[in-house]
Amino acid sequence: MSQKEPLFSAKNLKLFTEPFNNGNPVTVLVLGICSALAVTVKLQPAIVMGLSVTIVTGFSSFIISLMRNTIPNRIRIIVQLVVVAALVILVDQVLKAYAYEVSKQLSVFVGLIITNCIIMGRIEAFALGNKPFPSLVDGLGNGAAYGMILVIVAFFRELLGSGTLLGFQIIPESWYIKNGGFYENNGLMILPPMALIVLGIIIWVQRSFNKSLVEK
Amino acid sequence: MNTNSNTYTVIYSAILVIIVAAALAFAAGALKVPQEKNIEIEKKMNILMSVGKAADAAQVTDKNAYIEDEYKKYIVEEYLVNVKGEKVEGNAFATDLKAELQKTNPDNRTLPVFVCSDNGKTLYILPVRGAGLWGAIWGYISVENDFNTVFGANFDHVGETPGLGAEIATPAFQKQFAGKKLYDADKFVSVEIIKPGSVPVNEHNVDGISGGTITSKAVGAMLFNCLSNYQAFFAKQKRNQPLCLGKMIVVEDGFMVEKDSITGYYKEIDTTNYILIDRSIQ
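(A) Main features of the overall build of chain B. Helix and strand counts for chain B stand at six helices and 13 strands. Classification of the 282 residues of chain B by burial places 41% in the buried group. Considering only contacts in chain B between residues 6 or more positions apart, those separated by 24 or more positions represent 48%. About 15900 Å² of surface is accessible on chain B, with carbon and sulfur atoms providing 56% of the total.

Shown next as structure tokens:
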């Protein structure tokens, strides 16, 4: 940002809000699908995963942007990877210390944040050519938008697949067939293919509202 | 400055790596204590779950305090035994079972035993560990004080296939073990994991997991391999079995006395409450 431009200018705010709609990394750019399928069975790991990715994208973009004028071009990607990997290990260690159960559920997927295309994508496309603050905002926005999609998918999968939200029973116990009711949890919701279908429906809904995204 | 020169690139990468390594080493050191605490709490929870305790762990607000309390309440003794069934010195809780099982000479193995006491009932909890399909599997088996009947089991794994092999960590699989027998007459047979219909379902086997055949078989092999180390211990304990918990009624010089198997003290008892069966006459 230039000296005159305020921190929360319309341009910077747009960097944050853009990923939630027109530039969504999951539904528009179709990045980070693998982890979106894997960690969305329950809401809690999805939220933690979303937060972790937001922190990593935000700070890796920020740090790379600070370093952008000093990074030797030939080892650019390696430097980015070192920074991203260091941040991911930090997140992993903090989760292991303070959110052990969740870190066990997320298992390898925290480590695999390194391979999440959104992070390298934002660094290459944005942070390398922009100042630190806009890069931080851009990274946080993209991470949060990714997290939002994860949470939406996990909401439907946990509600319909387990009848709970964040572990609390939502569907009344008396509705279940085993208790003499009429309802049964949808077992397919727990399996990865259903995440793909829910994701597809989200893309469909988004495009029916936002015609600019529809390919001619 | 020319950021593309070789010298610059080499120095740059060296400094970067040193800074990152220092930061990570610092973080690892600073977070070590809470991480190890988590692992300890989880181990205690698994031990308690094999005897059906710590059921509310998911609901309580302070899980660590809850598990510590339960552990103190129910686990009354921990000790190490060797394959001859003799007690040996050492810290049972901190024993690395993986390292013990890797010892090529079984005589050198020292294996932990956790004793649980609940409402006058004594249960013995034995750790087991083995190789699953993708990584290590481990767990705890509790046996009743006849050293034959399984009371409960708890299993966990590193990375078995979710929905298939990973089902060994579910209560539905684990509760099948209750009431199974480790011995067929006097022969140690352990508990086998079978495909229903392949052999008659009896008190020595449980239903495996469909689609998780290798993990199921691995659980069976793990139980056999680990528990067979305790055979001498079982035999010894059975011989020393008191007639009732903690107390042994013995006849000394014609008097019937009660011997406390823990303290070793004798106490005279009122013989009118007992029927004397003198096995030497038979």
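So much for the structure itself; the text now carries on.
(B) Fine view of the nonpolar core. Counting residues in hydrophobic clusters, the biggest one holds 47 residues, and the most contacted among them are Met49(A), Val56(A), Leu106(A) and Ile113(A). Here this core takes eight residues from helix α3 (residues 43-67) of chain A, the largest share from any one element. The residues touching Ile113(A), leaving out its near neighbours within four places in the chain, are Met49(A), Ser52(A), Val53(A), Val56(A), Val88(A) and Ile119(A). Counting residues in each nonpolar core, the second largest holds 36 residues, with Val113(B), Tyr183(B), Ala218(B) and Leu223(B) among its members.

(C) Layout of the packing of α3(A) against helix α7 (residues 117-125) of chain A. All names here are of chain A. The geometry of α3 relative to α7 is characterised by a closest axis approach of 9 Å and an angle of 30 degrees between their N-to-C directions. When the axes of α3 and α7 are compared, the pair comes out roughly parallel. In the packing of α3 onto α7, the handedness of the crossing is right-handed. When α3 is examined against α7, the residues Val 56, Thr 57, Ser 60, Ser 61 and Ile 64 are found in contact with a partner set consisting of Ile 118, Ile 119, Arg 122 and Ile 123. Taken together, the residues of the contact of α3 with α7 break down into five nonpolar, three polar and one charged.

(D) Representation of the interface of chain A and chain B in the model. Of the residues lining the interface, 21 residues belong to chain A; the matching set on chain B comes to 20 residues. Contact between chain A and chain B buries roughly 1800 Å² in total, counting both sides, with carbon and sulfur atoms accounting for 62%. On the chain A side of the contact with chain B, Pro72(A), Arg74(A) and Tyr100(A) bury the most area, a combined 27% of that side's loss. Scanning the region where chain A abuts chain B turns up three salt bridges. A salt bridge links Lys63(B) to Glu101(A); the nearest nitrogen and oxygen atoms lie 3.1 Å apart. Our count for the contact surface shared by chain A and chain B stands at 12 residue pairs in polar contact (both at pLDDT 80 or more). Put simply, the parts of the chain that give the side of chain A that touches chain B at least two residues each are α4 (76-98) and α5 (100-106) of chain A. Per-element tally for the side of chain A that touches chain B: the top contributor is α4(A), with 10 residues. Of the residues assigned to the side of chain A that touches chain B, the class counts are 13 nonpolar, four polar and four charged.

(E) Structural view of the pairing of strand β6 (residues 150-157) of chain B. Residues and elements named next belong to chain B. β6 sits mainly inside the fold: seven of its eight residues count as buried. In the sheet, strand β5 (residues 136-144) pairs with β6 via seven bridges, with the strands oriented antiparallel. The partner of Trp 138 across the bridge, within β6, is Asp 156. The turn linking β5 back onto β6 is made up of five residues, and Phe 147 within it adopts a positive phi angle of 55 degrees.

(F) Seen up close, the sheet that holds strand β1 (residues 75-82) of chain B. All names here are of chain B. With antiparallel pairing, the six strands of this open sheet are ordered in space as β2-β1-β3-β4-β5-β6. Either end of the sheet is taken by a strand with one partner, and the two such strands are β2 (87-88) and β6. In the packing of helix α5 (residues 213-228) onto the sheet, the strands contacted are β4 (121-131), β5 and β6, and the crossing angle to β4 comes to about 120 degrees.

(G) Representation of the pairing of β5(B) in the model. Most of β5(B) is tucked away: seven of the nine residues are buried. The hairpin turn running from β4(B) into β5(B), its antiparallel successor, is four residues long.

(H) The arrangement of the side chain of Gln237(B) in detail. All names here are of chain B. Along the polypeptide, Gln 237 turns up in helix α6 (residues 231-239). Exposure remark for Gln 237: the relative accessible area of 19% places this residue in the buried category. When near neighbours in sequence (up to four residues on either side) are disregarded, Gln 237 contacts Tyr 79, Tyr 124 and Phe 147.

(I) Fine view of unusual backbone geometry. Unusually for a residue other than glycine, Val30(A) sits at a positive phi of about 50 degrees. When you line up the elements, Val30(A) lands in the loop between α1 (10-17) and α2 (33-38). The exposure class of Val30(A) is partly exposed, given its relative accessible area of 47%. Unlike most non-glycine residues, Ala185(B) shows phi in positive territory, near 55 degrees.

(J) Here's a closer look at the side chain of Gln80(A). Residue and element names in this part refer to chain A. Structurally, the position occupied by Gln 80 is in helix α4. The class for Gln 80 is buried, based on a relative accessible area of 0%. Not counting chain neighbours up to four residues away, the residues in contact with Gln 80 comprise Ile 64, Met 120, Ile 123, Glu 124 and Leu 128.

(K) Expanded view of the packing of aromatic side chains. Residue and element names in this part refer to chain B. With the rule as written, the count across this model stands at 23 aromatic pairs over all chains. Relative to Phe 234, the ring of Tyr 183 lies with its centre 6.3 Å away and its plane at 70 degrees, an arrangement referred to as edge-to-face. Taken together, the positions of Tyr 183 in strand β7 (residues 183-184) and Phe 234 in helix α6 put the pair 51 residues apart, joining distant regions of the chain. For Phe 234, a relative accessible area of 0% gives the class buried. Aromatic rings pair up to connect Tyr 79, Tyr 124, Phe 147, Tyr 183, Phe 188, Phe 224, Tyr 230, Phe 233 and Phe 234 into one cluster. A cation over a ring is seen here: Lys 43 above Phe 93, with NZ or CZ 4.7 Å from the ring centre. Above the face of the Tyr 74 ring, Lys 53 is positioned so that its terminal group lies 4.6 Å from the ring centre.

What counts as what
- Residues numbered from 1 in each chain as written.
- Chains lettered and ligands numbered in written order.
- Predicted model: local features only at pLDDT ≥ 70, side-chain atom pairs only at ≥ 80, totals over all residues.
- Heavy atoms only, no water.
- Helix = DSSP H or I, 4+ residues; strand = E, 2+ residues; numbered from the N terminus.
- Buried < 20%, exposed > 50% of the residue type's maximum accessible area, 1.4 Å probe, protein only.
- Contact = heavy atoms within 4.5 Å.
- Areas by Shrake-Rupley, 256 points an atom, 1.4 Å probe, with all protein chains shown as cover.
- Core = buried A, V, L, I, M, F, W, Y, C linked by side-chain atoms within 4.5 Å.
- Axes fitted to C-alpha atoms, helices over the stretch in contact; angles between N-to-C directions.
- Parallel < 35°, antiparallel > 145°, perpendicular 65-115°, else oblique.
- Left-handed = near helix turned anticlockwise from the far one by under 90°.
- Nonpolar A, V, L, I, M, F, W, Y, C, P; charged D, E, K, R; others polar.
- Buried area = accessible area lost by both parts, 1.4 Å probe.
- Salt bridge = Lys/Arg side-chain N within 4 Å of Asp/Glu carboxyl O.
- Polar contact = N/O pair within 3.5 Å; in protein donor to acceptor, adjacent residues only side chain to side chain.
- Pairing = 2+ DSSP bridges.
- Phe/Tyr/Trp six-rings, centres within 6.5 Å; stacked < 30°, edge-to-face > 60°.
- Lys NZ or Arg CZ within 6 Å of the ring centre and 35° of its normal.

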